[in-house]
Amino acid sequence: MPAIIAGGLLSNLLCLVVLTRSSLRGVTYTYLSGLAAADLGVILCAIPLAARRGHSSHAELAATGTFMASSTFIVVCLAVDRYVSVCVPTKLRGPRTRRNARLAVVACYVAAAVVSCPLLLPDTMCTDEIAWFVYLWASEAVVRIAPAIVLVVLNALIVRKFLSLSGNRRRFRAASDKFRTRHLLDSAPTTGLRNRSYHEERHLVALLSSLVILFLVTTTTSVTLSLFGLRAAAGDVELCKFAFNLCVYLVFSKEFRREFLYVVKGCPAHQQANEEEAPSQNGSPVPHSPDNVQAIACT
């Protein structure tokens, strides 16, 4: 656990530094910033737990439960946002703003605190065994079971829709290539812009799928180990879920990777990349319009 805590502290601090930079201002990155803050809270709460070898106060249990639940709820909100962006982009485009994303993150923290507040009064709750039993199962259903079902369903719908869009895109490109060849048209600038937007959207879909898989694998493994009495191992596996999202971001987000390199090494390509791409509302870069591209080309 000390090794996981050390790695988690470094990982989540780096995530917060990178995700709060002005160049990452999309809705997706707003959710990821809230997720990094929640994960960092879980890691900080695990420090006294590890120092006392598993013994913790009621307040520490409630704080840990709050940050764990808020992390899960934020991932669910991120999945809903990606579903809206990919599956119904024209119907609910208005509510997808950074302000609403921040409000959703705050709501996740408040809901998590409400779910975890009975842990502050375990002595009172334990006087009624039935009430305590109902609370434990209700909290498991709200924090683990229901989010897992929602994430699996939404991610499956997102992947299915994106594969369908990819097939339509390939057929459209084949038809447009034939048309351009027949009429000797050159639309390389606009084609490159569409390709870049498509690839960024694909990376965001892969990022969400990876977060969902990480959530399911760690949660299932932790529950299984707990059933066999291996509580220490179960705690370590559960903690990994909140410690190493940085690896997922580095693999599947080009924007995050570029900003990370700039923060760590002061990458000189950062400024040039920001001039070429502007942040959008869904976390993907918004390329220049065709008119701007022609103006830049003329310049």
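Thresholds applied
Numbering of residues starts from 1 in each chain and follows the order in which that chain's sequence is written. Reporting in this predicted model follows two pLDDT cut-offs: at least 70 for local features of residues, and 80 or more for side-chain atom pairs to be given and counted; totals over whole chains, interfaces and linings ignore these cut-offs and use all residues. Computation of side-chain values covers all heavy atoms of the structure but excludes hydrogens and water. Pairs were defined over the aromatic rings of Phe, Tyr and Trp, the Trp ring being its six-membered one, requiring ring centres within 6.5 Å. Orientation was assigned from the angle between planes: stacked under 30 degrees, edge-to-face over 60, tilted for the rest. In this description a helix means any DSSP run of H or I spanning at least four residues, a strand means any run of E spanning at least two, and both kinds are numbered starting from the N terminus. Relative accessibility under 20% of the residue-type maximum defines a buried residue, over 50% an exposed one, and the middle range a partly exposed one, all with a 1.4 Å probe and only protein chains included. Any two residues having at least one pair of non-hydrogen atoms within 4.5 Å are treated as being in contact. Among the buried residues, those of types Ala, Val, Leu, Ile, Met, Phe, Trp, Tyr and Cys that are joined through side-chain atoms within 4.5 Å form a nonpolar core. Each reported salt bridge corresponds to a side-chain nitrogen of Lys or Arg within 4 Å of a carboxyl oxygen of Asp or Glu.

J.: Residue-level account of the packing of aromatic side chains, with values.
T.: According to the stated counting rule, one finds four aromatic pairs in the structure shown. Centroid distance W132 to Y135: 5.6 Å. Interplanar angle 35°. Geometry classified as tilted. With W132 and Y135 both in helix α6 (residues 129–183) and three residues apart, this pair spans about one turn of that helix. Overall, the relative accessible area of 19% leaves W132 in the buried class. Ring plane angle 65° and centroid distance 5.3 Å describe the contact between Y249 and F256, whose orientation is recorded as edge-to-face. Every member of this aromatic cluster is reached through a ring pair, and the members are Y249, F256 and F260.

J.: Just give me the short version of the environment of A141, but keep the residues and values in it.
T.: Relative to the elements of secondary structure, A141 occurs in helix α6. The exposure class of A141 is partly exposed, given its relative accessible area of 30%. Apart from the residues within four sequence positions on either side, A141 is in contact with A146 and P147.

J.: Provide a residue-level description of the environment of L157, including the pertinent values.
T.: Tracing the sequence through the fold places L157 in helix α6. Using a relative accessible area of 35% as the deciding quantity, one classes L157 as partly exposed. In this structure, the C-alpha to C-alpha distance between L157 and C87, residues 70 residues apart in sequence, is 7.8 Å. Those residues in contact with L157 that sit more than four places away from it in its chain are Y83 and C87.

J.: Give me the lowdown on the nonpolar core, citing residues and values where you can.
T.: Soluble globular proteins tend to bury their nonpolar side chains together. Membership of the largest hydrophobic core comes to 42 residues, with the highest contact counts inside it found for L19, Y31, L32, L211, Y249 and F256. Secondary-structure elements contributing two or more residues to this core are α1 (2–19), α2 (27–51), α3 (58–87), α4 (98–116), α6, α7 (188–227), α9 (245–252) and α10 (254–265). Broken down by element, this core gets its largest block of residues, nine residues, from α3. Beyond its immediate stretch of four places on either side in the chain, L211 contacts L32, L35, L78, N245, V248 and Y249. Membership of the second largest hydrophobic core comes to eight residues, among which are V42, I43, A46 and L239.

J.: Tell me about the pattern of salt bridges, and please be specific about residues and values.
T.: Overall, the coordinates contain seven salt bridges when judged by the stated rule. With a closest N to O distance of 2.8 Å, R21 and E259 form a salt bridge. On the criterion of sequence distance, the pair formed by R21 in the loop between α1 and α2 and E259 in helix α10 is long-range, its members being 238 residues apart. A cluster of three or more residues bridged by salt bridges with shared partners is formed by R21, E255, R258 and E259.

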